[in-house]
Amino acid sequence: MKSLKTELWKATHNPMFYAALAIGCLIALVNVFENKMTADQLRPLILSEDHVGSRSPWGFSLFFLWLPVNTVSYGTTLYCVVWPILAAMPYGWSYLRERKSGLYLQTSVRTGRMENFVAKYVAVFVSGGIAVAVPILLNLLASAMICPYVLPNIMRYVQIGDGYFLSELYFTAPWAYALIWCGVVFLMGGAAAGLCFLVGAGARLRVMTMLVPFAILMVLDGIYSVVYERGFHALELSPLRLVLAVPNAPNPEWVVLATIVLMALTGFAGGYWQVVRHELV
Amino acid sequence: MEITVNHVSKTIKGASILEDVDLSWTGGKIYGLQGPNGSGKTMLMRLIAGLIRPTSGEVLIDGRELGRDMDFPPSVGLLIENPGFLPNHTGFRNLMLLAEIKKRITDADVRKALGDVGLAPNDPRKYRKYSLGMKQRLGVAAAIMERPELIVLDEPTNALDDKGVERICALIRRERDRGALVVLTCHDAAILDRLSDEVYTVSEGHVERRAAG
């Protein structure tokens, strides 16, 4: 694909990409500071712990303090709200701006409508995924310098249980689980960023485009919350909360993957309609 | 290259922009479009470049229909309305990003195109710092740098000083002599007459040929 390299380069070499990464990392740092304070308070207990194998007897572990799992952290709460904006910041607005500036014409005539759209979608997806996943990964690594990376104790820690995403792996191979979750977050971020295409070139300001995934996911969250409270389902269906490994309700693998696929398809189909089917007036 | 426009009409939101246009153009010539604002000149250019599709009729490029057999003409350079580039990159970097898509030309060709339009290839300034005239020159450079068979230039001399206009006119003639089919508009009738091999008047959606001055 001729324009993919160019689009990827543009998507990852712009001030908004760096800003999204910086904001995400700052939020992740809030959680790291919280973990540091917790670790300092519990240091005597940690040092005196009688470890059974690699399992923490009373449950203090990196794998229940890092951001996607730590539900009592301010950093986690903040991250859960702003991640769709972080995903859209790097490149979600690019179609709007390039259409308005005329640059999209230049790239389209060199590649063809469909190829140009696919290249742009992939670039939006990848940059959005990176902006959301890198802070989570860095949070894991930074927290690992503070918290003991021992196996979570299933007898003490019950937030992840039967019916949750790869719950068995979480308690047996938490590093693998954590890295897989980073991949899930990457896919969530990418799929959410693709929702920017639903606006097409209709918005006046790029900030409007950047807020579209956030607005869509907030509305869905509101709907799912009402439905959940009335007991119509017992699973976590809100994409906004599914970025956390411990949402309000169980998040089985099929729900997480189906949400990612649905979001990605919605963004791609909306973009196809906006970008490929419409004329470049 | 041959462009054939067969009974093309274009209607947007109920308003007729072009009505039953017939044209037959060949490479190695400059075709000038003249007409008042809103007469349909730019719309005709967009149709020929494949950016929009006709409401009725067909546009053929070497016998193949635009929009059905292909999205865009296989070899086209465009400058339509505002030249659009990335504001945080230099002119050279902007052109290289476009050149890297097709990989038909090298960075030496890009530098030459910049020089041809009167821009310094090593100018460290970002595009956002460019003057209007420099932006226009960069737009012309983007349109011609890959030596396309079809060149569509909408007001290429906008915001240029006299020297710049002469330079761009010479460049357009050079492209014509190379065999390219050039379609252009220009608000200055004298320049259009001087430059064009054939001049067409676009008025209220109708296109008629008149003799070049």
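Before reading further, recall that the structure is shown in the block above.
This section reports on the structure supplied with the text. (Residues numbered from 1 in each chain as written. Chains lettered and ligands numbered in written order. Predicted model: local features only at pLDDT ≥ 70, side-chain atom pairs only at ≥ 80, totals over all residues. Heavy atoms only, no water.)

### Things to note about the pairing of strand β7 (residues 150–154) of chain B
Residues and elements named next belong to chain B.
Consideration 1: Extensive coverage of β7 is indicated by the burial of five of its five residues.
Consideration 2: Both faces of β7 are covered, namely the face carrying Leu-150, Val-152 and Asp-154 and the face carrying Ile-151 and Leu-153.
Consideration 3: When strand β6 (residues 76–79) meets β7, the two strands line up parallel, connected through four bridges. For Leu-79, the partnering residue across the bridge sits in β7 and is Leu-153.
Consideration 4: Of the strand pairs in this sheet, β7 and strand β8 (residues 181–185) are connected by five bridges, and their pairing is parallel. Its bridge partner being in β8, Val-152 is matched across the sheet by Val-183.
Consideration 5: The parallel pair β7 and β8, bridged by helix α5 (residues 162–178), forms a crossover whose chirality is right-handed. (Buried < 20%, exposed > 50% of the residue type's maximum accessible area, 1.4 Å probe, protein only. Helix = DSSP H or I, 4+ residues; strand = E, 2+ residues; numbered from the N terminus. Pairing = 2+ DSSP bridges. Right-handed = clockwise from strand over helix to strand, strands pointing away.)

### Section: the sheet that holds strand β9 (residues 198–203) of chain B
What links the strands of a sheet is backbone hydrogen bonding, and the strands pair in either a parallel or an antiparallel sense.
Residue and element names in this part refer to chain B.
Consideration 1: Strand order in the open sheet formed by six strands is β6-β7-β8-β3-β9-β10, with mixed pairing between adjacent strands. The outermost strands of the open sheet, each flanked by one partner alone, are β6 and β10 (206–210). Neighbour-to-neighbour, the strand axes of this sheet turn through a mean angle of 15°, independent of strand direction.
Consideration 2: Its contacts with the sheet place helix α4 (residues 132–144) against β6 and β7, and it is angled at close to 165° to β6. (Axes fitted to C-alpha atoms, helices over the stretch in contact; angles between N-to-C directions. Contact = heavy atoms within 4.5 Å.)

### Comments concerning the interface of chain A and chain B
Consideration 1: Contacts between the two partners involve 25 residues from chain A, matched on the other side by 27 residues from chain B.
Consideration 2: Both faces considered, chain A and chain B share a buried interface measuring about 2500 Å² in area, 59% of it formed by carbon and sulfur atoms.
Consideration 3: Of all residues in chain A, the largest losses of buried area upon contact with chain B belong to Val109(A), Arg110(A) and Arg113(A), amounting jointly to 29% of the total for that side.
Consideration 4: The interface formed by chain A and chain B holds one salt bridge in total.
Consideration 5: Close ionic contact of Arg110(A) with Glu146(B) constitutes a salt bridge, the shortest N to O distance being 2.8 Å.
Consideration 6: Taken together, the links from chain A to chain B amount to seven residue pairs in polar contact (both at pLDDT 80 or more).
Consideration 7: If you list the elements that add at least two residues to the side of chain A that touches chain B, you get α1 (4–12), α4 (94–101), α5 (103–111) and α6 (113–144) of chain A.
Consideration 8: Per-element tally for the side of chain A that touches chain B: the top contributor is α5(A), with eight residues. (Buried area = accessible area lost by both parts, 1.4 Å probe. Salt bridge = Lys/Arg side-chain N within 4 Å of Asp/Glu carboxyl O. Polar contact = N/O pair within 3.5 Å; in protein donor to acceptor, adjacent residues only side chain to side chain.)

### With respect to the packing of aromatic side chains
Consideration 1: As enumerated under the stated definition, the model contains 22 aromatic pairs over all chains in all.
Consideration 2: Here Tyr170(A) and Tyr177(A) contribute two aromatic rings whose centre-to-centre distance is 5.0 Å and whose plane-to-plane angle is 75°, an arrangement assigned as edge-to-face. A single burial state applies to Tyr170(A) and to Tyr177(A), both of which are buried.
Consideration 3: Seen from their ring centres, Trp25(B) and Tyr31(B) are 4.6 Å apart, and the 15° between their planes marks the pair as stacked. This pair shows no difference in class: Trp25(B) is buried, exactly as Tyr31(B) is.
Consideration 4: The rings of Tyr95(A), Tyr104(A), Phe117(A), Tyr121(A), Phe125(A), Phe186(A), Phe197(A) and Phe268(A) are connected pair by pair, giving a single aromatic cluster. (Phe/Tyr/Trp six-rings, centres within 6.5 Å; stacked < 30°, edge-to-face > 60°.)

### Brief notes about unusual backbone geometry
Residue and element names in this part refer to chain B.
Consideration 1: In this structure, Asp-62 is a non-glycine residue whose phi angle is positive, near 50°.
Consideration 2: Take Asp-62: it is sitting in the loop between β4 (56–61) and β5 (64–65).
Consideration 3: If you check the backbone angles, Ala-159 has positive phi at about 65° while not being a glycine.
Consideration 4: Along the chain, Ala-159 turns up in the loop between β7 and α5.

### Notes on the pattern of salt bridges
Residues and elements named next belong to chain B.
Consideration 1: This structure, assessed with the given rule, holds 24 salt bridges over all chains.
Consideration 2: Its salt-bridge partner being Arg-147, residue Asp-109 comes within 3.9 Å of it at the nearest N-O pair. One end of the pair, Asp-109, is in helix α3 (residues 107–116); the other, Arg-147, is in the loop between α4 and β7, with 38 residues separating them in the sequence.
Consideration 3: Take Asp-109: its relative accessible area is 21%, and that puts it in the partly exposed class.
Consideration 4: Since its relative accessible area comes to 44%, Arg-147 is described here as partly exposed.

### With respect to the packing of helix α3 (residues 74–88) of chain A against α6(A)
Each pair of packed helices gets described by two things: the angle between the helix axes and the distance between those axes.
Consideration 1: Viewed as axis vectors pointing N to C, α3(A) and α6(A) meet at an angle of 145°, and their least axial separation amounts to 7 Å. Here α3(A) contributes Tyr79(A), Trp83(A), Leu86(A) and Ala87(A) to the contact with α6(A), which in turn contributes Gly128(A), Ala131(A), Val132(A), Ala133(A), Pro135(A) and Ile136(A).

### Structural notes on the sheet that holds strand β1 (residues 2–12) of chain B
Residue and element names in this part refer to chain B.
Consideration 1: In spatial order, the strands read β2-β1-β4-β5; together these four strands make up an open sheet with antiparallel pairing. Either end of the sheet is taken by a strand with one partner, and the two such strands are β2 (15–26) and β5.
Consideration 2: Summarising the sheet, β4 and β5 pair through two bridges and their orientation is antiparallel. Opposite Ile-61, over in β5, you have Arg-64 as the bridge partner.

### Here we look at a nonpolar patch on the surface
Residue and element names in this part refer to chain A.
Consideration 1: Side chains of Leu-137, Leu-138, Leu-141, Tyr-149, Trp-175 and Leu-179 sit close together on the surface and give an oily, nonpolar patch of about 560 Å² of accessible area.
Consideration 2: Those elements that provide at least two residues to the nonpolar patch are α6 and α8 (174–194).
Consideration 3: In terms of residue count, the dominant contributor to the nonpolar patch is α6 (three residues).
Consideration 4: The topology assignment puts Leu-138 in helix α6.
Consideration 5: By relative accessible area, which is 42% here, Leu-138 ends up partly exposed. (Patch = residues over 30% accessible without salt bridge, like charges linked within 9 Å, V, L, I, M, F, W, Y side chains within 5 Å. Areas by Shrake-Rupley, 256 points an atom, 1.4 Å probe, with all protein chains shown as cover.)

### Digging into the pairing of strand β3 (residues 30–34) of chain B
Residue and element names in this part refer to chain B.
Consideration 1: Along β3, five of the five residues are buried, which leaves the element largely enclosed by surrounding structure.
Consideration 2: Sheet topology places β3 next to β8; four bridges connect them, and they run parallel. What sits directly across from Leu-33, in β8, is Thr-185.
Consideration 3: Across four bridges, the pairing between β3 and β9 is parallel. In the sheet register, Leu-33 faces β9, and the bridge partner there is Tyr-200.

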